[in-house]
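In case you want the letters, here they are:
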Amino acid sequence: MNYDLIVVGTSFAASFFLKKYLEKSPANVQVLVLERGQFEPQRDRIARAKKMPFGQVPFVTSTATGATYINENPDKPWIFDPSFGGSSNCWTGCTPRFMPNDFKLQSLYGVGMDWPISYDELEPYYCETEEIMSISGPEVTPYPMSKPYPLPAHKLNTVDHLLQKQHKELYISQPTARASKSGTRNACCASSICHLCPVGAKFTIENGMMPLYADPRVTVRYNTQVISLDIQAGLAKGVLTLSEGKNKKFEGSAIALGANAIFNAHILLNSGDTNQHTGSNLSEQIGYYGYIHLHDLDNVGGSTIITANGFMLYDLPNRKEAASCLIENHNDTFVRAEPGKWRKIAKMKFIFEDLPNPLSRVRKGEQDHVPIVEYQGHNEYVNRGYDYMKKKLPDLLSSLPVEEILLDQNAQVSESHILGTTRMSATAATGVVDKHLLHHTYRNVFVLGGSTFPAISAANPTLTLSALSLWAADKSF
């Protein structure tokens, strides 16, 4: 059979693209979905996690046994879940939008790269994605919105109320796919184990988009890893796969790569893609924790794991020299280890954008199904952003009775986002795919997800990459 569309993966990017494609297609189209992993229901994941050592997470965090990828920098893990639903199984559910200026870094600040798509073009698809995910969010935001969030905002904690009074629309209840009230999903229980979400409050592909994969037009094959595209005369005629040690070819008129930024790039490299940017610019945000000791103020309340986002350091004129910063106020289990001061503390995370490095990359290895990953570390741009944050933080927290600010000196090993490697651009000279996520050379191949980001915002990427998939399918079919 020659399928009308072959979708690689069942991730956010793949699923949102498939949703829009099916909405716009007649009843006789045939779609093949190839998933390298299995379908493991949420209840089984929870049961498996209960048998694992405390603190160990039930998804891939590094090279595992070498079956997924070879990591040449083992100090830098790349976190993902190679099974049905992809990273929806392990994400926390944070869904702030990018700011309008995130799409114009080069033209406004002289750093990074402009996106070939604007905030205004993507905005209707942000709204659609928020509706599909039933996002909980505030009425007032620092970015423009043409529609309100579907669910009300989560409750703030004591520290949040004071900071919101000080910073107004620059400090908001975090927009999130963790439901604030029961409806299509249960309300968040604030148990702080969001990668498993024991009550089903968090949006996943399993609890939000399973009808796509039951559509009679769709055939799903599990345990099937796509190794390369079958390129003939400049077009993809199908995909070559590996399943249980056997090679098999599937033919299709259009291909949508919905794997993560490691495997999207690797599939293209295996296919003979010679674009100089394919595989390059592997990156993600850089995060640091901070703890604020408070005098005579108990920090209590809040209805979810991360209660608020602060945009006070996000889009300032100094962005031309220093990375922007998104602030998260965390509300998980933590105490101040001093008698009588257990809750007189705030836990925050400071997340910085980075400038992608072409030397951080994915490349082919000796085995066609196992990519090699190199990571060179973050840019000095991040360090300057950290220094600026450290300087400004006392003023930003002036509404709190601060005793002491304790900041991590070392970044977290991962923000659980894999970005870059097939960035979008106006031309093939500056990137791999166009503004509709079509490959510049292989004009029937869509490349989806965070691999297409030409610049790395400080904000969480999942909402944006899902909106981009809706945009791409809507504009192309």
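Just above, that's the structure.
What to know about the environment of proline 216
Within the secondary structure layout, proline 216 lies in the loop between helix H6 (205–214) and strand S6 (218–221). Accessibility expressed as a relative area gives 75% for proline 216, which makes it exposed. The spacing of proline 216 and lysine 320 is 104 residues in sequence and 51 Å in space, taken between C-alpha atoms.

A closer look at the sheet that holds S6
Spatially, five strands are ordered S6-S3-S2-S10-S18 in an open sheet, and the strand pairing comes out parallel. Of all strands in the sheet, those with a lone pairing partner are S6 and strand S18 (445–447), marking the two edges. With strand direction ignored, the average angle separating the axes of adjacent strands in the sheet is 15°. Bridging between strand S3 (residues 31–34) and S6 involves four bridges; their strand directions are parallel. Paired with valine 31 across the bridge in S6 is valine 218.

Examining unusual backbone geometry
With a phi angle near 70°, serine 192 is a residue other than glycine that sits in the positive phi range. Take serine 192: it is sitting in the loop between strand S5 (171–173) and H6. Not every positive phi belongs to a glycine, and glutamate 244 is a case in point at roughly 55°. Here glutamate 244 falls in the exposed class, since its relative accessible area comes to 70%.

Section: the side chain of asparagine 260
Take asparagine 260: it is sitting in the loop between strand S10 (255–257) and helix H7 (261–270). Separated by 2.9 Å, the side chain of asparagine 260 and the backbone nitrogen of isoleucine 262 make a polar contact. A polar contact of 3.2 Å, which involves the side chain of asparagine 260, links it to the backbone nitrogen of phenylalanine 263. If we skip the residues at most four places from it in the chain, asparagine 260 touches Phe80 and Ile418.

Examining helix H5 (residues 158–167)
Within H5, burial applies to Val159, Asp160, Leu163 and His167. Looking down the long axis of H5, one finds its buried residues gathered within 95° of arc, a one-sided arrangement. Buried residues in H5 make contact with S5, strand S11 (286–294), strand S12 (306–310), strand S13 (325–330), strand S14 (345–352) and helix H8 (380–396). Put simply, asparagine 157 is the residue that caps the front of H5, since its side-chain oxygen is 3.3 Å from the backbone nitrogen of valine 159. Looking one or two residues beyond H5, the residue adopting positive phi is lysine 168, at roughly 55°.

Some words on the packing of aromatic side chains
The geometry of two aromatic rings is summed up by the distance between their centres and the angle between their planes. All told, the structure shown has 26 aromatic pairs when counted by the stated rule. Their ring planes at 80° and their centres at 5.1 Å tell us that phenylalanine 84 and tyrosine 213 sit as a pair that is edge-to-face. Here tyrosine 213 lies in helix H6 and phenylalanine 84 lies in the loop between strand S4 (70–71) and helix H3 (105–109), a separation of 129 residues in the sequence. With respect to class, phenylalanine 84 is no different from tyrosine 213; both count as buried.

Considerations on the pairing of strand S7 (residues 225–232)
Taken residue by residue, a regular strand's side chains alternate between the two faces of the sheet. The buried fraction of S7 amounts to six of the eight residues, a majority that puts the element mostly inside the structure. Of the pairings in the sheet, the one linking S7 to strand S8 (residues 235–243) comprises seven bridges and is antiparallel in character. Residue pairing across strands places glutamine 225 opposite leucine 242, the latter belonging to S8. Where S7 folds back on S8, the antiparallel hairpin that results is connected by two residues, among which alanine 233 adopts a positive phi of roughly 50°.

A few points about the pattern of salt bridges
Applying the stated criterion across every chain yields a total of 25 salt bridges. Between glutamate 72 and arginine 363 there is a salt bridge, with its nearest N and O atoms 2.8 Å apart. Placement of glutamate 72 in the loop between S4 and H3 and of arginine 363 in strand S15 (residues 361–363) is noted, with a sequence separation of 291 residues between them. Residue classification places arginine 363 among the partly exposed residues on the basis of a relative accessible area of 25%. A salt bridge links arginine 97 to glutamate 130, with the shortest nitrogen-to-oxygen separation between them at 2.8 Å. With arginine 97 in the loop between S4 and H3 and glutamate 130 in helix H4 (residues 119–133), this pair connects stretches of sequence that are 33 residues apart. Each member of the pair, arginine 97 as well as glutamate 130, is classed as buried. A cluster of three or more residues bridged by salt bridges with shared partners is formed by Lys19, Lys20, Glu23 and Glu128.

Examining the side chain of threonine 129
With respect to the element layout, threonine 129 can be found in helix H4. According to the relative accessible area criterion, threonine 129 is buried, its value standing at 0%. When neighbours within four sequence positions are excluded, threonine 129 is seen to be in contact with Phe16, Leu463, Ser466, Ala467 and Leu470.

A look at the sheet that holds S12
Read from one edge to the other, the open sheet built from six strands follows the order S5-S12-S13-S14-S11-S17, with strand pairing classed as antiparallel. Sheet topology places S5 and strand S17 (402–407) at the edges, where each strand pairs with a single neighbour. For this sheet, the mean angle separating the axes of adjacent strands, direction not counted, is 25°. Both S11 and S17 contribute to a ladder of five bridges, which runs antiparallel.

Quick word on the state of the cysteines
Taken as a whole, this structure holds zero disulfides when the rule is applied. Cysteine 197 carries a free sulfur, and the closest cysteine sulfur to it, the one in cysteine 189, is 6.3 Å from it. Not engaged in a disulfide, the cysteine cysteine 325 finds its nearest cysteine sulfur in cysteine 94; these two sulfurs lie 14 Å apart.

Points about the packing of helix H1 (residues 12–24) against H4
Packing of H1 against H4 leaves a shortest axis separation of 13 Å and a crossing angle of 100°. As far as their axial angle goes, H4 and H1 are roughly perpendicular. Residues Phe12, Phe16, Lys19, Lys20 and Glu23 of H1 form the contact with H4, whose participating residues are Glu128, Thr129, Ile132 and Met133. The residue makeup of the contact of H1 with H4, split by class, is four nonpolar, one polar and four charged.

Cut-offs and rules
- The numbering scheme is per chain: residues are counted from 1 as the chain's sequence reads.
- In view of the model being predicted, local features appear only for residues whose pLDDT reaches at least 70, and side-chain atom pairs are presented and counted only at 80 or more, with totals across whole chains, interfaces and linings using the full set of residues.
- The basis for every side-chain value is the complete set of non-hydrogen atoms in the structure, without hydrogens or water.
- Labels follow the DSSP assignment, with helices taken as runs of H or I lasting at least four residues and strands as runs of E lasting at least two, numbered in each case from the N terminus.
- Remark: exposure states derive from per-residue accessible area (1.4 Å probe, protein chains only) relative to the maximum for the residue type, with buried under 20%, exposed over 50%, and partly exposed in between.
- One requirement defines pairing of two strands: DSSP has to find at least two bridges between them.
- Axis lines are fitted to C-alpha atoms, over the contacting stretch for helices. Their N-to-C directions set the angle, which ranges from 0 to 180 degrees.
- Whenever two N or O atoms come within 3.5 Å, that pair is a polar contact, provided that in protein one can donate a hydrogen and the other can accept it, and provided that, for residues adjacent in sequence, both atoms are side-chain atoms.
- Contacts were defined at the residue level, with two residues in contact if any of their heavy atoms lie within 4.5 Å.
- The reported arc concerns the directions from the helix axis to the C-beta atoms and nothing else.
- In this analysis, rings of Phe, Tyr and Trp, with Trp reduced to its six-membered ring, are considered paired at centre separations within 6.5 Å, and the interplanar angle assigns stacked below 30 degrees, edge-to-face beyond 60, and tilted for intermediate values.
- One side-chain nitrogen of Lys or Arg within 4 Å of one carboxyl oxygen of Asp or Glu is enough to make a salt bridge.
- Disulfide: a pair of cysteine sulfur atoms within 2.5 Å of each other.
- Convention used here: angles under 35 degrees read as roughly parallel, angles over 145 as roughly antiparallel, angles from 65 to 115 as roughly perpendicular, and any remaining angle as oblique.
- Nonpolar residues are Ala, Val, Leu, Ile, Met, Phe, Trp, Tyr, Cys and Pro. Charged residues are Asp, Glu, Lys and Arg, and all others, Gly as well, are polar.

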